[in-house]
Amino acid sequence: MISVDAKDEGLYVKGRISNSKDPEISRVRDLVKEGILNSLSVGIMVKDEEMKDGVNQIKSVELHEVSVVAVPMNQDSQFTVTAKSMQGPLISVLKPLSK
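Residues numbered from 1 in each chain as written. Predicted model: local features only at pLDDT ≥ 70, side-chain atom pairs only at ≥ 80, totals over all residues. Heavy atoms only, no water.

**Re unusual backbone geometry**
Selection criterion: By the criteria applied, helices consist of DSSP H or I runs no shorter than four residues and strands consist of E runs no shorter than two, each listed in order from the N terminus. For every residue, the accessible area (1.4 Å probe, protein chains only) is compared with the maximum for its type, and the residue is labelled buried under 20%, exposed over 50%, or partly exposed between those bounds.
Residues other than glycine seldom take positive phi values, yet D53 does so here, at roughly 55 degrees. Take D53: it is sitting in the loop between β3 (39–52) and β4 (55–69). When its relative accessible area of 78% is taken as the criterion, D53 is described as exposed.

**Observations concerning helix α1 (residues 23–33)**
Here is the rule: When we speak of the arc, we mean the arc of directions from the helix axis to the C-beta atoms. N or O atoms closer than or at 3.5 Å make up a polar contact, with two conditions inside protein: a donor-capable atom paired with an acceptor-capable one, and, for residues adjacent in sequence, both atoms drawn from side chains.
Taken as a whole, α1 has its buried residues at S26, R29 and V32. Along the axis of α1, the buried positions cluster into a sector of 125 degrees, meaning they face one direction only. For α1, the exposed residues lying more than 90 degrees away from the buried face are P23, E24 and R27. Two or three places before E24, at the start of α1, stands the capping residue D22, its side-chain oxygen 2.9 Å from that residue's backbone nitrogen. At the C-terminal side of α1, G35 shows a positive phi close to 80 degrees.

**A closer look at the pairing of strand β1 (residues 3–7)**
Condition: Between any two strands, at least two bridges found by DSSP are needed for them to pair.
Sheet topology places β1 next to strand β2 (residues 10–16); five bridges connect them, and they run antiparallel. Among the inter-strand pairings, D5 is bridged to a residue of β2, identified as Y12. The hairpin turn running from β1 into β2, its antiparallel successor, is two residues long.

**Brief notes about the environment of L37**
For the record, the criterion: Should any heavy atoms of two residues lie within 4.5 Å, those residues are counted as being in contact.
On the secondary structure map, L37 appears in the loop between α1 and β3. The exposure class of L37 is buried, given its relative accessible area of 11%. The spatial distance from the C-alpha of L37 to the C-alpha of T80 is 9.7 Å, given a sequence separation of 43 residues. The contacts of L37, once residues within four sequence positions are left out, are V28, L31, V32, V68, V69, A70 and F79.

**A closer look at the side chain of S26**
By the secondary structure assignment, S26 is in helix α1. Since its relative accessible area comes to 17%, S26 is described here as buried. At 3.5 Å, the side chain of S26 forms a polar contact with the backbone oxygen of S20. Of the polar contacts made by the side chain of S26, one reaches the side chain of R29; its length is 3.1 Å. Sequence-distant contacts of S26, defined by excluding residues within four places in its chain, comprise S20 and K21.

What follows is the structure in structure tokens.
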């Protein structure tokens, strides 16, 4: 991850995929560039939460990992690759990961 920014509408993440020639990494990188892989999994540890009106509200988390996945648990956790990032393996999340 290059940067993480929490906003009211969700979590914005900027990341980089290795330029490795490893076949597995190359395959993932190609699938991302083709737009076939376009979702993220986010691993967190909840640090502070509160039950309010029967809804568990997460107030604070510790981010452990962000992974490219084919099928995310949260269907809103999609990312896009910017034209600039196609020069290299940079992934910019333009659509927020919903809270």
